[in-house]
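# Reading the structure
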Amino acid sequence: MKDYPNPLILLVDDEEAITANLAPFLERSGFVVHIATNGEDALDKIHSMQPDLVVLDVLMPKVDGRQALRILRKENNWTPVILLTQVGESAERAMALEEGADDYLNKPFDPHELVARIRSVLRRSRQGQPPLSAAWRLTCGSLIIDRRARRASLEGVELFLTPKALQLLEYLMTHPDEMVSRERLLDVVWGWDYPVGTRAVDTRIAELRHTLGDDASNPRFIETIPGQGYRFSKDVSSLP
Amino acid sequence: MRMRRWFVILLPSMIGLALSLLFNLTDLKNPIIYLRADLGTLMFLSGLLISSALGLIIFINQRFRSMEETTAEGAAQDRRRFIQLLDHELKNPLTAILAGIANLSSSEGETRKGSSLDSIRTQVQRLSRLVSDLRKLSDLEIRPLEYSQVNLSEVLREIFELGRSSQTASDRQFNLLLPQAPWPLPEVHGDRDLLFLAFHNLMDNAIKYSQPGDAIELRAREDGNNLVIEVADTGVGIPEDEIELVWTELFRGKAARGVPGSGLGLSLARAIVKRHNGEISIRSRSGQGTVVTMQLPLGL
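The structure presented is a predicted model; accordingly, all values stated were derived computationally and were not measured. (Residues numbered from 1 in each chain as written. Chains lettered and ligands numbered in written order. Predicted model: local features only at pLDDT ≥ 70, side-chain atom pairs only at ≥ 80, totals over all residues. Heavy atoms only, no water.)

### Some words on the sheet that holds strand S3 (residues 53-57) of chain A
All names here are of chain A. Ordered in space as S2-S1-S3-S4-S5, the five strands form an open sheet in which the pairing is parallel. Strands at the two margins of the open sheet, each flanked by one partner only, are strand S2 (32-36) and strand S5 (103-106). For this sheet the average axis-to-axis angle between neighbouring strands, irrespective of direction, equals 20°. Bridging between strand S1 (residues 8-12) and S3 involves four bridges; their strand directions are parallel. Its bridge partner lying in S3, Leu-10 is registered against Val-54. Taken strand by strand, helix H3 (residues 65-74) contacts S3 and strand S4 (81-85), and its axis lies near 160° from that of S4. (Pairing = 2+ DSSP bridges. Helix = DSSP H or I, 4+ residues; strand = E, 2+ residues; numbered from the N terminus. Axes fitted to C-alpha atoms, helices over the stretch in contact; angles between N-to-C directions. Contact = heavy atoms within 4.5 Å.)

### Thoughts on the pattern of salt bridges
This structure, assessed with the given rule, holds 30 salt bridges over all chains. Across the salt bridge formed by Arg-231 of chain A and Glu-223 of chain A, the nearest N and O atoms sit 3.4 Å from each other. Between Lys-91 of chain B and Asp-87 of chain B there is a salt bridge, and its shortest N-O distance comes to 2.7 Å. Placement of the pair is Lys-91 of chain B and Asp-87 of chain B together in helix H2 (residues 39-106), with a separation of four residues, close to one helical turn. (Salt bridge = Lys/Arg side-chain N within 4 Å of Asp/Glu carboxyl O.)

### Observations regarding the sheet that holds strand S7 (residues 289-297) of chain B
Hydrogen bonding along the main chain pairs the strands of a sheet, whether they run parallel or antiparallel. All names here are of chain B. The strand order S2-S4-S5-S7-S6 describes an open sheet built from five strands, whose pairing is mixed. In this open sheet, the two edge strands, each paired with only one partner strand, are strand S2 (173-177) and strand S6 (279-285). Taking the axes of each pair of neighbouring strands and ignoring which way they run, one obtains an average angle of 10° across the sheet. One ladder, built from seven bridges, connects S6 with S7; its direction is antiparallel. Considered in S7, the bridge of Ile-282 is made with Val-292.

### Points about the nonpolar core
Formed by 104 residues in total, the largest nonpolar core has its most connected members in Leu-169 and Phe-232 of chain A together with Leu-152 of chain B. Examining the composition of this core, we find that ten residues originate from one element, helix H5 (residues 192-208) of chain B, more than from any other. Excluding anything up to four places from it in sequence, Leu-169 of chain A contacts Leu-143, Ile-145, Ala-152, Leu-161, Leu-208, Leu-212 and Phe-232 of chain A. Listed in part, the 18 residues of the second largest apolar core include Ala-23, Phe-31, Val-33 and Ile-118 of chain A. (Core = buried A, V, L, I, M, F, W, Y, C linked by side-chain atoms within 4.5 Å. Buried < 20%, exposed > 50% of the residue type's maximum accessible area, 1.4 Å probe, protein only.)

### Side note on the layout of surface pockets
For the largest pocket, the calculated volume is near 1700 Å³. Forming the walls of the largest pocket are 41 residues, and the residues nearest its centre are Pro-108, Phe-109, Asp-110 and Pro-111 of chain A together with Ser-128 of chain B. When residues of the lining of the largest pocket are traced back to their parent elements, those giving at least two are helix H1 (16-28), S5, helix H5 (111-124) and helix H7 (182-189) of chain A together with H2 and helix H3 (110-142) of chain B. Looking at which element gives the most residues to the lining of the largest pocket, the answer is H3 of chain B, with eleven residues. For the lining of the largest pocket, the per-class residue count stands at 20 nonpolar, ten polar and eleven charged. Taken as a whole, the second largest pocket encloses approximately 910 Å³ of empty space. In terms of lining, the second largest pocket is formed by 41 residues, of which the most central are Asn-201, Asn-205, Lys-208, Tyr-209 and Gly-265 of chain B. Secondary-structure elements contributing two or more residues to the lining of the second largest pocket are H3, H5, strand S5 (226-233), helix H6 (265-275) and S7 of chain B. No other element matches H5 of chain B, which puts eight residues into the lining of the second largest pocket. Considering only residue class, the lining of the second largest pocket consists of 20 nonpolar, eleven polar and ten charged. (1 Å grid on protein atoms, 1.4 Å probe; cavity = no way out; pocket = protein on both sides within 12 Å on 5 of 7 lines; lining within 4 Å. Points joined across faces, edges and corners; volume = space filled by probe spheres on them. Nonpolar A, V, L, I, M, F, W, Y, C, P; charged D, E, K, R; others polar.)

### Observations regarding the packing of H5 of chain B against H6 of chain B
Residue and element names in this part refer to chain B. For the pair H5 and H6, interaxial distance at closest approach is 9 Å and the crossing angle is 150°. Classified by the angle between their axes, H5 and H6 sit roughly antiparallel to one another. In the packing of H5 onto H6, the handedness of the crossing is left-handed. Between H5 and H6, the residues in contact are Leu-194, Leu-195, Leu-197, Ala-198, Asn-201, Leu-202 and Asn-205 and Gly-265, Leu-266, Leu-268, Ala-269 and Ile-272, respectively. (Parallel < 35°, antiparallel > 145°, perpendicular 65-115°, else oblique. Left-handed = near helix turned anticlockwise from the far one by under 90°.)

So this is what it looks like as structure tokens:
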């Protein structure tokens, strides 16, 4: 059913005010948009339309977004999903990735940011295969991260990382070869705006680089994109 | 509290037990004492005993209940005040947005449209900031702290530099007082980012509620038990009738009209200090200035 020239997006939210405003915006950004109003409806439409990507709200009547995502992944359906999380609390965000979402966005968000997320997830998605964000263990060279055990090792030696540094590494490794802005990383670690936060992100990245023995001028893992953000090496793969 | 009550209740029986053991197990004389009373006196005494026991129980019960009632009433009052303030905080931006939309649908010129859109965007940003700050506050109460040994001198120096170079702080006299003798500030066990956030909020307030020419002082010392950090300014100060209210979430005093902010800065700072088992207090004189004092226990 991939005969659409433009990517087909299924937008799932029970708030009509949101779908009514977001759908035209996404259409103007070059997507074909269909709407579902709850998790059940979403699952039906995913099966019948096979969208290229699903934007899924978490809090919904009947089957909520999280349940729908779980059902979908259990069916071994790896349609890319961006979760719209409501509560922005750290636990909530961690859970979004653990349940096999490809990315998440906190409400309220800038619609431009959603479009940027959709584009990067589509670029990253590997046809019909689980996304890296659904894998528990990821590797890049001799670096291994075990997301469930909250551990990372380099050349077999366990790394000592603070929870925030680990969270950063996790996000970067699940988004390889992608420019991730400082603001985005800030949101990953905090979930809310933090004063001079972009500087706090730089400190964390420096800490991470130091632990990884990564040279900023000749990086193996984390590359600085001046004035924009950071990019992780493209050679990330999932481990069983 | 409850522990102490039990202690008081059990104390007499403990003493009794100790004395009984003393008389029974040592060589002390342990004479048998016979008590004799007529039935009438016995009846009277037992009645008296039961009455006093009952009286005590009822009294304690009532005290307990009235204590519960006052806390419940206090919570209800806090909640009412919070909703009132929230209502107020939402009303203004919403009114501005409605007006902006009305302008938008009636105006023809592109520039008019542009300025309406700008004003709507500003108001929406204001609402988003409010939501984000409220979320921050609730998150702060449960977020696990990321502990490390924090060098407070370093954090305070950073805050100081940040304040001094801030665009809105022109012509304020900044002072940073950190002890050097007999020793510098010891490190404190805490969440560096959160402590930074708390100091940042206080510094932000000091800048917001002062004018060019005012002095802002950031100082810290250690008194053997606590690290004491103070952020002081010679700004507008807080009137006496508002000082109790500054800890209320969303409360903004008269001086805050026209100053951007959500009325959550102090609440956030307090939540952070509480999470570190510390204390925070504020003193102010209207027209003279304000000082916020934080105490963080050493050796956590």
